[in-house]
Amino acid sequence: MKLSNSKIVDMYKTMIRIRKFETQAMNLFAQGSIPGFVHLYLGEEAVATGVCENLKDDDYITSTHRGHGHIVAKGGDLKYMMAELYGKETGYCKGKGGSMHIADATKGILGANGIVGAGHNIAVGAGLSIQYRETDQVCVCFFGDASTNQGTFHEALNLASVWKLPVVFVCENNLYGISVNQSRHQAIKDISDRAVAYNMPGITVDGNDVFAVYEATNEAIKRARDKKGPTLIECKTYRHRGHFEGDPGAYKPEKEQNEWLKKDPIPRIEKYMIDKKIVTNNKLEDLKKEVDKEINEAVEFANNSSYPSLESVVEDIYTDIKEEVRVR
Amino acid sequence: MKMMTYAEAIREGMRIKMQKDPNVFIFGEDVGAFGGCFGVTAGLFDEFGEKRVRDTPISEGAIIGSAIGSAATGLRPIAELMFIDFLTVGMDQLVNQAAKLRYMFGGKITLPMVVRMPGGAGVQAAAQHSQSLEAWITHVPGLKVVYPSTPQDALGLMLGAIEDDNPVMFIEHKLLYSVKGEVENEKPIPLGVADIKKEGKDVTVIATGKMVHDALKASELLLKDGIDVEVIDPRSLYPLDKETIFKSLQKTNKVVVVTEENKRGGYGGEISAMISEDYFDYLDAPVVRIGALDTPIPFSPTLESYVIPNETDIVNAIKELI
């Protein structure tokens, strides 16, 4: 598939936007500026980027606890994301959700999710809605390898398939369900094999190759928009960090880590762009500086924002009930 | 004015809204041409077609999840669970997702969805098809819960539930489906407004679902003893109309709370605690609570009817209280 140079540069920029956002979040968490749990997307940037490059603003995604990458790639605003990570009132969720629950309805982001496998059925609901309203939107459902052992995976793929819903299921197989290696949580190697059970196409791609991800998703989305139903895409990738910050990841053998670091998607696309003379080294540095600036602005925005007022704690539970819940 | 069964009234409520709003649609197990396990959706498939009255696989998680996803993206789904007991299978979708997404997302999405669930015992369906799980769902911030006891309320509350922009759990009692009643109007009943089913001055009975009928029977029986019972049906468990309860207590100073739930941990306990905390000064005696025994619902008719409270339990409790 032929991609224009400017599109490739855009994709690269999204990838380093995720990489730098996550690296900054890692540091801020270590410093104590970000409370709670943070699950970083470092190492998996090619998946969210390759997938979302195919999507329009009004297409939907459902995301996971490791969701920052999806949100950045779908066009989320770094300022509101960072403020939410801090728990500030200017954050995407007014400080009520945090890292695991960022959503932006205006960008079709139906939310990150703290329950493993919970997004599958919500994605099916969005697909049902698209079919019902007869628009040409699609919904992409992101999830990890371990979530394919939840009952929701089966329920969702079955229903999406029998109703031919415009949903693309994108599995990020990063080899671990928290600390448990894939070989110990399921008796298959390729999760795409499971597509057979739902009579839908299943494909495995190198999840660290942004172009391979882009291409596979492009075809699946075309299929979905053509009312031909869902596809399961497995992207083989690797998370560079532990399950969450604070988990040293001692269960990941050093040899395995080193092998995967050699396949890091970012040096890979950089080499491609230089080799193909799409950019110069100087241009690469400029792009990185631009993104650094965005990240710095996001951190500044978060730092300068206030924590939510105690008044707001009763807001947004219901559309019409507020003060009644302030009981003790 | 029309005579209608409770099941017909629920159906009529859905039908009215489906005629007016193309975004209202129904899905669930066997709700299509089959008409639903209890026949509540009978005829709607023929009237509105497969797109708007859909059979789903037996996948409660996918049913509730589909309601969430479609409600979040512009539709007003009505999902049917064949029995309230099956809620357990889709509980994550309801409790961690439907109830909390709006809050966790800082109000960024709205979930106008209704989940219909037949509850209650009395048809010898044993322990997995007869429960009263009001407490589980009223416990969760983000959900509204209604429980009509008459055809008029069933119709009005269905209209109110579909109009509501929040997830509404609509509990139906399966023994009431064939109960007929007069339906005077087709107006939505706002959620959170109780109804006084019978006025009285001596004692207040707060009852829900089928227990409203048992309380009314008890009040008839007690007339012979000169005891004038006021029967209140909250209709909406959350939000709860405290004002109507309070007004009644100011008059009677005595209260009996009757629900069909296992007594331990029931929503009846929540109503009782609320009265004791907030209106203690108006009480002449401690709040009396009546519920089912703390057993699973047994199959055999003799055992089942022993476990579930009835009008005799209510009569006895009131006599003791007075």
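Bear in mind that the values here come from a model prediction, so they are computed numbers and not experimental data. (Residues numbered from 1 in each chain as written. Chains lettered and ligands numbered in written order. Predicted model: local features only at pLDDT ≥ 70, side-chain atom pairs only at ≥ 80, totals over all residues.)

## Here's the deal with the sheet that holds strand 2 (residues 24–28) of chain B
Residue and element names in this part refer to chain B. Sheet architecture is open: seven strands sit in the order 3-2-4-5-7-6-12, paired in mixed fashion. Bordering the open sheet on either side are strand 3 (53–55) and strand 12 (236–238), each of which pairs with just one other strand. Averaged over all pairs of adjacent strands, the angle between strand axes in this sheet comes to 20°, irrespective of strand direction. Strand direction decides the pairing type here: strand 2 and strand 4 (residues 76–80), joined by five bridges, are parallel. From the neighbouring strand, Val24 faces strand 4, where its bridge partner is Arg76. (Pairing = 2+ DSSP bridges. Helix = DSSP H or I, 4+ residues; strand = E, 2+ residues; numbered from the N terminus. Axes fitted to C-alpha atoms, helices over the stretch in contact; angles between N-to-C directions.)

## Brief notes about the packing of helix 8 (residues 211–223) of chain B against helix 12 (residues 311–321) of chain B
Residue and element names in this part refer to chain B. Viewed as axis vectors pointing N to C, helix 8 and helix 12 meet at an angle of 55°, and their least axial separation amounts to 8 Å. In terms of orientation, helix 8 and helix 12 fall into the oblique class. Crossing geometry of helix 8 relative to helix 12 is assigned as right-handed. Each of Asp214, Ala215, Lys217, Ala218, Leu221 and Leu222 in helix 8 lies in contact with helix 12, whose residues at this interface are Glu311, Ile314, Val315 and Ile318. Of the residues belonging to the contact of helix 8 with helix 12, the class tally is seven nonpolar, no polar and three charged. (Parallel < 35°, antiparallel > 145°, perpendicular 65-115°, else oblique. Left-handed = near helix turned anticlockwise from the far one by under 90°. Contact = placed C-beta atoms within 7 Å. Nonpolar A, V, L, I, M, F, W, Y, C, P; charged D, E, K, R; others polar.)

## Here we look at helix 2 (residues 45–52) of chain A
Within helix 2 of chain A, eight of the eight residues are buried, leaving the element largely enclosed by the surrounding structure. Listed as buried for helix 2 of chain A are A:Glu45, A:Ala46, A:Val47, A:Ala48, A:Thr49, A:Gly50, A:Val51 and A:Cys52. (Buried ≥ 20, exposed ≤ 12 C-beta atoms within 10 Å, placed from the backbone.)

## Re the sheet that holds strand 13 (residues 255–262) of chain B
Residue and element names in this part refer to chain B. Ordered in space as 9-11-10-13-14, the five strands form an open sheet in which the pairing is mixed. Each edge of the sheet is formed by a strand with only one pairing partner; in this case those strands are strand 9 (195–198) and strand 14 (288–292). Taken pair by pair, the neighbouring strands of this sheet meet at an average axis angle of 25°, ignoring direction. Running over the sheet, helix 8 touches strand 9, strand 10 (203–207), strand 11 (229–233) and strand 13 and is turned about 170° from strand 11. Most of the contacts of helix 10 (residues 267–278) go to strand 13, to which it runs at about 155°, and overall it touches strand 10, strand 13 and strand 14.

## Details of helix 4 (residues 78–86) of chain A
Residue and element names in this part refer to chain A. With eight of its nine residues buried, helix 4 lies for the most part within the structure. Those residues of helix 4 lying buried are Leu78, Tyr80, Met81, Met82, Ala83, Glu84, Leu85 and Tyr86. Those residues of helix 4 that are buried are in contact with helix 1 (5–31), helix 3 (68–73) and helix 11 (281–304).

## Notes on the environment of A:Asp77
All names here are of chain A. Relative to the helices and strands, Asp77 resides in the loop between helix 3 and helix 4. According to the C-beta neighbour criterion, Asp77 is partly exposed, with 17 such atoms within 10 Å. Along the primary structure Asp77 and Gly91 are separated by 14 residues, whereas in three dimensions their C-alpha atoms are 9.8 Å apart.

## Concerning the domain arrangement of chain B
Residues and elements named next belong to chain B. Domain annotation of chain B identifies domain 1 (2–183) and domain 2 (195–321). Centre-to-centre separation of domain 1 and domain 2, based on C-alpha positions: 26 Å. If you look at the interface, domain 1 gives 24 residues, while domain 2 gives 26 residues. Counting only elements with at least two residues in the side of domain 1 that touches domain 2, the list comes to helix 6 (134–138), strand 6 (144–146), helix 7 (151–163) and strand 7 (168–173). Grouping the constituent residues of the side of domain 1 that touches domain 2 by class yields twelve nonpolar, nine polar and three charged. (Domains from an automatic or database assignment.)

## Considerations on the pairing of strand 14 of chain B
Residue and element names in this part refer to chain B. Pairing of strand 13 with strand 14 involves four bridges; the strand directions are parallel. Pairing of Asn262 across the sheet is with Ala292, part of strand 14. Handedness of the strand 13-helix 10-strand 14 crossover: right-handed. (Right-handed = clockwise from strand over helix to strand, strands pointing away.)

## Focus on the interface of chain B and chain A
Listed as interface residues are 36 residues of chain B and, on the opposing side, 39 residues of chain A. At the level of secondary structure, the elements contributing two or more residues to the side of chain B that touches chain A comprise helix 3 (60–72), helix 4 (91–98) and helix 5 (101–104) of chain B. The element contributing the most residues to the side of chain B that touches chain A is helix 3 of chain B, with nine residues. Broken down by class, the residue content of the side of chain B that touches chain A amounts to 14 nonpolar, 17 polar and five charged.

## Notes on the environment of B:Val115
All names here are of chain B. You can see Val115 is positioned in strand 5 (residues 114–119). Look at Val115 and you get buried, because 28 C-beta atoms sit within 10 Å. Counting along the chain gives 52 residues from Val115 to Ile63, while the straight-line C-alpha distance between them is 9.4 Å. When residues no more than four places from it in sequence are discounted, the contact partners of Val115 are Ile64, Ala67, Ala79, Leu81, Met169 and Phe170.

## A look at unusual backbone geometry
A cis geometry characterises the amide bond from B:Tyr238 onward to B:Pro239, with omega recorded as 0°. Considering the arrangement of structural elements, one finds B:Pro239 in the loop between strand 12 and helix 9 (242–252). Of note in the backbone geometry, A:Leu175 takes a positive phi value of approximately 80° without being a glycine. With respect to the helices and strands, A:Leu175 occurs in the loop between strand 3 (167–173) and strand 4 (176–177). Accessibility expressed as a C-beta count within 10 Å gives 18 for A:Leu175, which makes it partly exposed.

## Topic: the packing of helix 1 of chain A against helix 2 of chain A
All names here are of chain A. Packing of helix 1 against helix 2 brings their axes to within 9 Å, and their N-to-C directions diverge by 140°. By the angle between their directions, the pair helix 1 and helix 2 is classed as oblique. Judged by the sense of rotation from one axis to the other, the crossing of helix 1 with helix 2 is right-handed. For the pair helix 1 and helix 2, the contacting residues are Met11, Thr14, Met15, Ile18 and Arg19 in the first and Glu45, Ala46, Ala48 and Thr49 in the second. Taken together, the residues of the contact of helix 1 with helix 2 break down into five nonpolar, two polar and two charged.

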